[in-house]
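# Fold and contact review
Spelled out from the first residue to the last, the chains are:
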Amino acid sequence: MTAPAVDNTTKNANGKDAILQVRNLKKYFPITSGIIFQRQVDAVKAVDGVSFEVLRGETLGLVGESGCGKSTTGRTILQLYKPTAGEVIFEGKDLTKLPSAEMRKMRRDIQMIFQDPYASLNPRMNVGRIVSEPLIVHNVGSDKERQERVAYLLEKVGLNPYFVNRYPHEFSGGQRQRIGIARALALDPSFIVCDEPISALDVSIQAQVVNLLQDLQKELGLTYLFIAHDLSMIRHICNRVAVMYMGRIMETAPTDELYENPLHPYTQLLLSAVPIPDPEIERVRQRMERPSVLADFRDKNNILELKEQKPGHFVAEIVGRVQG
Amino acid sequence: MTTSEQAQKPTLVGVPELAQDMHHTNKLWVDAWKRLIRNRAAVVGLVIVILSVLIAIFAPYIAPNDYREQVLTNNNSAPRWVIDLFPNMKAKDEEGGWVTVSEDYILGADNLGRDLLSRIIYGSRVSLSVAFVGPMVSLAVGLILGLVSGYAGGRVDNLIMRLVDIMYAFPTILLVILLMAYFRATFNASDQGTFAYRLNQIDSRFGGMLFIFIGIGLTSWMNTARLARGQVLSIRQREYIEAATSVGASDFTIIFRHILPNILGPIVVAETLTIPTYISFEAFLSFIGLGVNPPTPSWGSMIADGAGAISSYPHQAIFPSMALFLIMFAFNFLGDGLRDALDPHMSRT
């Protein structure tokens, strides 16, 4: 493929193989007023200068409270939203600068698993059509090969291949999410953005789906960006974690390091909110107060920078203020 | 998919019928049909609509007489049972009576001595043509504009919707009356061989229906465009549209494979429920003399003819009114049934 490449290497500064590098990514949603002649009056800074990288074969967790911009980050990486600024370098190519035809080809390698399995499947299409859609769109294989591929994928995600003629409403939430996973796997992608793939499911089903995702990762060599707000699930599945707050990254570290030694006040606050499955302890446990220093991190006029405190453990610090 | 993975795939061996089964007919529409035929009112409506279509198609074989033939001795005549039906009609053989009794025609005759039943049967052709062409025109223009408007958004959306607003601001009936009067006047006077002349030729061949179609087309698409746009806007927010984008589907695929099938239900329902409006619109135009050309019968023009003598010869207005009433009710019941059958809530169970 001849695409405008920014730098053709996927190696990061430390010489590691980073499949995805996000640099200073911004996504602002304009607030407009006026009926015929619309003008922008303000902007919601959903993602405000996010930088991170995902190494090949790992699972990076992206955590944060509701509305902190984690889903928007995922969607902006996939160019479902057009980024306001910044670079998304996937396999050495800056996705933000790819022409749309090139981007469409690129989508074979990057897929997404969506949060709501009730909304992410077209109710007017049967399972066979849903799962084979990526193949049809990219013109892969003959009709018969596609059918075989669909049957193979359904089996792979633990569904009966006989289900091809059924419609989404005939399935439970967990089964629907499996269909969504099968669709994401159809084109053999190398990288999958999982946008809270389990938060809409029953707890008993969550474990099954997470285990399925882990098995598939091992088997197919996938790389995940795992967006979630369930901290114990993140700990279970992720190699590294990035903590987001108000559209910016506060701390990134290897999972165990982050959970045992959280350095940023926001991370400490988040972790203190994780419930402990023992009523005796839970009843007497003191939760952390919201530290006042968080107001400074919330302030968009403060410039943040990630500083490496320990090897691989980055913490955001305020390095200055925007004038004006 | 690697070949080694394909090789260790035992399940496909046991499912030979899978291949033929994969692209079978759309079960959702079958389910909707089942729900429709369980609805008694909708079935009655459907039966009446189908019967009317058959009557319209086979009118020459069904009608007992020629709809143009004037038998002057039968002027305003009515058979005995019609006179008994309407209490204010009195037969000539009664004291002070005025209605000629004639058993030639089942429903009696109009003021020119033409068979009322045959005229009603032929009149169904006009009403049903309007019932089918109206939605076609409205869909062809409105659905496409609505899809484009809703999907493109931004400036295109703004432009199309303001155009719709402007069209809405015109008083529809006045606009159509002016247009019809203008068409008739200019096209009749146009020279042989011009486009206007040819249009007029086509129009007179169809008994004056072409201009009715044009009038309906000009005024009916706005509702559909608005509805389609609104539906597109709501469907576009769904995650499955994002999912389609994220696998690399083109705009064309998204519009026609994902959005259109999901908005079709409400639009079909809305169009079916608008059909009575088209029918009554045609009847109204014929009533005020801007519709079909005589002697082509239309229920509207028959009601207009009969209305003048409604106290003396009520059957001339009442029978075509009943036909109009019946077909409008049938389409309404059918539309209601369709709405229940295609209820979007079922998609979630």
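All values derive from a computational prediction rather than experimental measurement.

## Some points on the overall build of chain A
Each helix and strand counted, chain A has 11 helices and 12 strands in total. For 324 residues, the compact-globule formula gives about 20 Å, and the C-alpha radius of gyration of chain A, at 21 Å, lands near that figure. Over its C-alpha atoms, taken along the principal directions, chain A stretches across nearly 60 × 55 × 50 Å. Looking at the 324 residues of chain A, the share that counts as buried comes to 44%. If you take every contact in chain A between residues at least 6 apart in sequence, the share linking residues at least 24 apart comes to 64%.

## Things to note about the overall build of chain B
Assigned secondary structure in chain B consists of 15 helices and zero strands. Scored against the burial criterion, the 349 residues of chain B give a buried share of 38%. Within chain B, contacts between residues at least 6 apart in sequence are counted, and of these 72% link residues at least 24 apart.

## So, the sheet that holds strand 5 (residues 93-94) of chain A
What holds strands together in a sheet is hydrogen bonding between their backbones, with the strands either parallel or antiparallel. Residue and element names in this part refer to chain A. Read across the open sheet, the four strands follow the order 2-1-4-5; overall the sheet is antiparallel. Each of the sheet's edge strands pairs with one partner strand only, and the pair in question is strand 2 (39-55) and strand 5. Of the strand pairs in this sheet, strand 1 (residues 18-33) and strand 4 (residues 85-90) are connected by five bridges, and their pairing is antiparallel. Paired with Lys-26 across the bridge in strand 4 is Ala-85.

## Let's talk about the packing of helix 7 (residues 116-152) of chain B against helix 8 (residues 154-169) of chain B
All names here are of chain B. Between helix 7 and helix 8, whose axes approach to 7 Å, the crossing angle comes to 140°. Of the two elements, helix 7 crosses helix 8, and the hand of that crossing is left-handed. Facing Leu-145, Val-148, Ser-149, Gly-150 and Ala-152 of helix 7, the residues of helix 8 in contact are Gly-154, Val-156, Asp-157, Ile-160 and Met-161. The residue inventory of the contact of helix 7 with helix 8, partitioned by class, reads six nonpolar, three polar and one charged.

## Describing the sheet that holds strand 9 (residues 240-245) of chain A
Residues and elements named next belong to chain A. Taken together, the eight strands give an open sheet; going across it, the order is 6-7-8-3-9-10-12-11, and neighbouring strands pair in mixed fashion. Strands with a single pairing partner mark the edges of an open sheet, and in this sheet they are strand 6 (110-113) and strand 11 (302-310). Along the sheet, successive strands turn relative to each other by an average axial angle of 20°, direction set aside. Judged from the four bridges that link them, strand 6 and strand 7 (residues 191-195) form a sheet pairing that is parallel. Opposite Gln-111, over in strand 7, you have Ile-192 as the bridge partner.

## Describing helix 13 (residues 251-287) of chain B
Residue and element names in this part refer to chain B. With 37 residues, helix 13 extends only 46 Å from end C-alpha to end C-alpha; this falls clearly short of the ideal 54 Å at 1.5 Å per step. Approximately 50° is the largest bend angle found in helix 13, and it occurs at Leu-260, with the proline Pro-261 only one to four residues beyond. After helix 13 finishes, the residue Gly-289 shows a positive phi value of roughly 90°.

## Side note on the environment of Ser-298 of chain B
All names here are of chain B. One can find Ser-298 in the loop between helix 13 and helix 14 (299-307). The exposure class assigned to Ser-298 is buried, which follows from the 31 C-beta atoms found within 10 Å. Distance from Ser-298 to Ile-120, taken between C-alpha atoms, is 7.5 Å for residues 178 residues apart in sequence. The residues contacting Ser-298, other than those within four sequence positions of it, are Gly-123, Val-126, Glu-282, Ala-283, Ser-286, Gly-291 and Val-292.

## Let's talk about the confidence of the model for chain B
Residues and elements named next belong to chain B. For chain B, the average pLDDT comes to 79, and 90% of its residues sit at 70 or higher. Low pLDDT, under 50, characterises residues 1-24; the stretch is placed with 24 contacts to residues that sit more than four places away or in other chains. The ipTM assigned to the predicted complex is 0.82, against a pTM of 0.77.

## Description of unusual backbone geometry
Residues and elements named next belong to chain A. A positive phi angle, close to 50°, is found at Asn-24, a residue other than glycine. As for its position among the elements, Asn-24 is in strand 1. On the basis of neighbour count, Asn-24 is assigned to the exposed category, with 12 C-beta atoms found within 10 Å. In the Ramachandran plot, Gln-79 falls in the positive-phi region, its phi being about 60° despite a non-glycine side chain. Inspection of the secondary structure assignment puts Gln-79 in the loop between helix 1 (70-77) and strand 4.

## Let's talk about the nonpolar core
Ranked by internal contacts, the top residues of the largest apolar core, which has 155 residues, are Phe-226 and Val-243 of chain A. Ignoring sequence-local partners within four residues, the contact set of Phe-226 of chain A consists of Thr-59, Leu-60, Gly-61, Leu-62, Cys-194, Ile-234, Ile-237 and Cys-238 of chain A.

## Concerning helix 3 (residues 127-137) of chain A
Burial of helix 3 of chain A is extensive: nine of the 11 residues sit out of reach of the surface. Asn-139 of chain A occupies a position one or two residues after helix 3 of chain A and carries a positive phi of about 55°.

## Observations regarding the pairing of strand 9 of chain A
Residues and elements named next belong to chain A. In terms of burial, strand 9 is a largely internal element, six of the six residues being buried. Of the two faces of strand 9, the one holding Arg-240, Ala-242 and Met-244 and the one holding Val-241, Val-243 and Tyr-245 are both buried throughout. As paired elements, strand 3 (residues 59-63) and strand 9 share four bridges and run parallel to each other. Pairing of Val-63 across the sheet is with Val-243, part of strand 9. Pairing between strand 9 and strand 10 (residues 248-254): six bridges, direction antiparallel. Within strand 10, the residue paired with Ala-242 across the bridge is Thr-252.

## What about the environment of Leu-263 of chain A?
All names here are of chain A. Within the element layout of this structure, Leu-263 appears in the loop between helix 8 (255-260) and helix 9 (265-272). In the structure, Leu-263 is positioned 59 residues away from Val-322 in sequence and 25 Å away in space, judged by C-alpha atoms. Residues contacting Leu-263, with those up to four places away along its chain left out, are Glu-251, Gln-309 and Val-315.

Calculation criteria
- Residues numbered from 1 in each chain as written.
- Chains lettered and ligands numbered in written order.
- Predicted model: local features only at pLDDT ≥ 70, side-chain atom pairs only at ≥ 80, totals over all residues.
- Helix = DSSP H or I, 4+ residues; strand = E, 2+ residues; numbered from the N terminus.
- Rg over C-alpha atoms; globule rule 2.2 N^0.38 Å.
- Buried ≥ 20, exposed ≤ 12 C-beta atoms within 10 Å, placed from the backbone.
- Contact = placed C-beta atoms within 7 Å.
- Pairing = 2+ DSSP bridges.
- Axes fitted to C-alpha atoms, helices over the stretch in contact; angles between N-to-C directions.
- Left-handed = near helix turned anticlockwise from the far one by under 90°.
- Nonpolar A, V, L, I, M, F, W, Y, C, P; charged D, E, K, R; others polar.
- Expected span 1.5 Å × (residues − 1).
- Bend = angle between axes of the 7 residues up to and from the residue.
- pLDDT = per-residue confidence, 0-100.
- Core = buried A, V, L, I, M, F, W, Y, C linked by C-beta atoms within 7 Å.

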